[in-house]
Amino acid sequence: MHGLATLLLLLLAGQAEAFRICAFNAHRLTLAKATREQVKDTLVQILARCDIMVLQEVVDSSNKTISFLLQELRRKFDGSRCYGFLNSSQLGRSTYKEKYVYIYRSDKTQVLNFYQYEDKDDLFARAPFVAQFTLPSKILPSVVLVPLHTTPKDVENELNALHEVFLDVAQRWQIKDVILLGDFNADCASLAKKRLSTLLLRTEAGFRWAIADGEDTTVRASTNCTYDRIVLHGEACWGLIRASAAFNFPQSFRLSEEEALGISDHYPVEVELDQAPHRVQPPSLATLLLLSLLLPLLGPQSSTVPDSNPGLCPPTWGRSNP
Ligand SMILES: *[C@@H]1O[C@H](CO)[C@@H](O)[C@H](O)[C@H]1NC(C)=O
Ligand SMILES: *[C@@H]1O[C@H](CO)[C@@H](O)[C@H](O)[C@H]1NC(C)=O
Ligand SMILES: *[C@@H]1O[C@H](CO)[C@@H](O)[C@H](O)[C@H]1NC(C)=O
């Protein structure tokens, strides 16, 4: 009886929930910064929204910053969620280096594959660190993420080179469904509107820009630029899009501009994908009635979250679970 009710609950939850993929330029994220009380709390709340988060500007030669954030996430959810991570090496042309770091719900998705794009002609300040993740969708069982944080000095060239990375990934893994995302600096002084429309990712067919021009992804009231973007390729991928937006965290968490700038000068950008195939009908009235009858029978033990049992968490690339 309990098993049936739980199953029904899971079915319902699966249909209501979306799978959220995010990208966030966390502005020179060091361990010292992450451990500041105000920064930590907000960062953890931002991370907790996402099934996969692509952090940029992680300035961390060890894995300490990420380990710290994972520990805080685990503390927040007390074993009811599992998290894993995958990081690039330190990337950059000068002594200033940053990493791409994926933080993901390892109870909902797994890393299938990853590679560091080989940037033979030094086209990128920080070449994409590509990763393929499973998706809880029958229509699209996996998707490839291609993150990029461009240097503001060379946005147009880097974004055209990003099209090359897309072709490389598509060929290498024989896939079409790819999400390119990150702080592209694709607006304002870094990229004129006229140049934007000539980018290969705009002129070639098949790419959908989910964060529209004109959407402000910057924290400062004095700026209004669409720097951060999410671009989706592949019809299956498009078909799953439910919503996409910049997440105005200062507003949601009631932070002043100054407090928000302590975390980042960017908003995260997010896209929500449907988990269930479109064909599935919403739960019928009969199902809902049955559920309402079964729910009182569940008793207290079924409503508790799983214990803090690391054995429940699947193995991950990053050793994230204790
Ligand atoms: C992740 O970062 C660590 C520490 O900087 C490094 O040793 C490791 O090689 C990185 N992972 C990848 C896949 O580059
Ligand atoms: C930013 O500019 C766009 C027009 O390009 C406008 O539609 C939007 O409301 C502005 N956003 C803010 C927060 O000022
Ligand atoms: C950092 O994590 C990676 C896994 O992504 C691991 O391969 C590497 O050894 C770790 N480096 C350090 C210094 O702990």
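What counts, and where the lines are drawn
- Residues numbered from 1 in each chain as written.
- Chains lettered and ligands numbered in written order.
- Predicted model: local features only at pLDDT ≥ 70, side-chain atom pairs only at ≥ 80, totals over all residues.
- Heavy atoms only, no water.
- UniProt positions renumbered as here; feature names shortened; annotations may be inferred.
- Helix = DSSP H or I, 4+ residues; strand = E, 2+ residues; numbered from the N terminus.
- Contact = heavy atoms within 4.5 Å.
- 1 Å grid on protein atoms, 1.4 Å probe; cavity = no way out; pocket = protein on both sides within 12 Å on 5 of 7 lines; lining within 4 Å.
- Buried < 20%, exposed > 50% of the residue type's maximum accessible area, 1.4 Å probe, protein only.

Named according to an unreviewed UniProt entry, the protein is Deoxyribonuclease-1-like 1 originating from Heterocephalus glaber. On record in UniProt, under Subcellular location (unreviewed entry), the comment for the protein is "Endoplasmic reticulum".

Of note, Glu259 is situated in helix α10 (residues 257-261). The spacing of Glu259 and Val39 is 220 residues in sequence and 8.7 Å in space, taken between C-alpha atoms. Those residues in contact with Glu259 that sit more than four places away from it in its chain are Gln38 and Arg254.

This part takes up the UniProt feature "active site" (unreviewed entry) in the protein. When the UniProt feature table is mapped onto this chain numbering, "active site" (unreviewed entry) sits at Glu98 and His149. In three dimensions, the annotated residues from a span of 52 residues occupy one location, with a maximal C-alpha spread of 9.8 Å. Here the residues from the annotation list that line the second largest pocket are Glu98 and His149. The exposure class of Glu98 is buried, given its relative accessible area of 3%. Beyond its immediate sequence surroundings of up to four residues, Glu98 is in contact with Glu57, Val58, Ser89, Gln90, Leu91, Arg126 and His149. One can find His149 in the loop between β7 (142-147) and α5 (155-173). Apart from the residues lying within four places of it in its own chain, the contact partners of His149 are Asn25, Gln56, Glu57, Glu98, Tyr100, Arg126, Glu158, Asp183 and Asn185.

Position of Arg74 relative to the elements: it lies in helix α4 (residues 64-77). Distance from Arg74 to Val44, taken between C-alpha atoms, is 10.0 Å for residues 30 residues apart in sequence.

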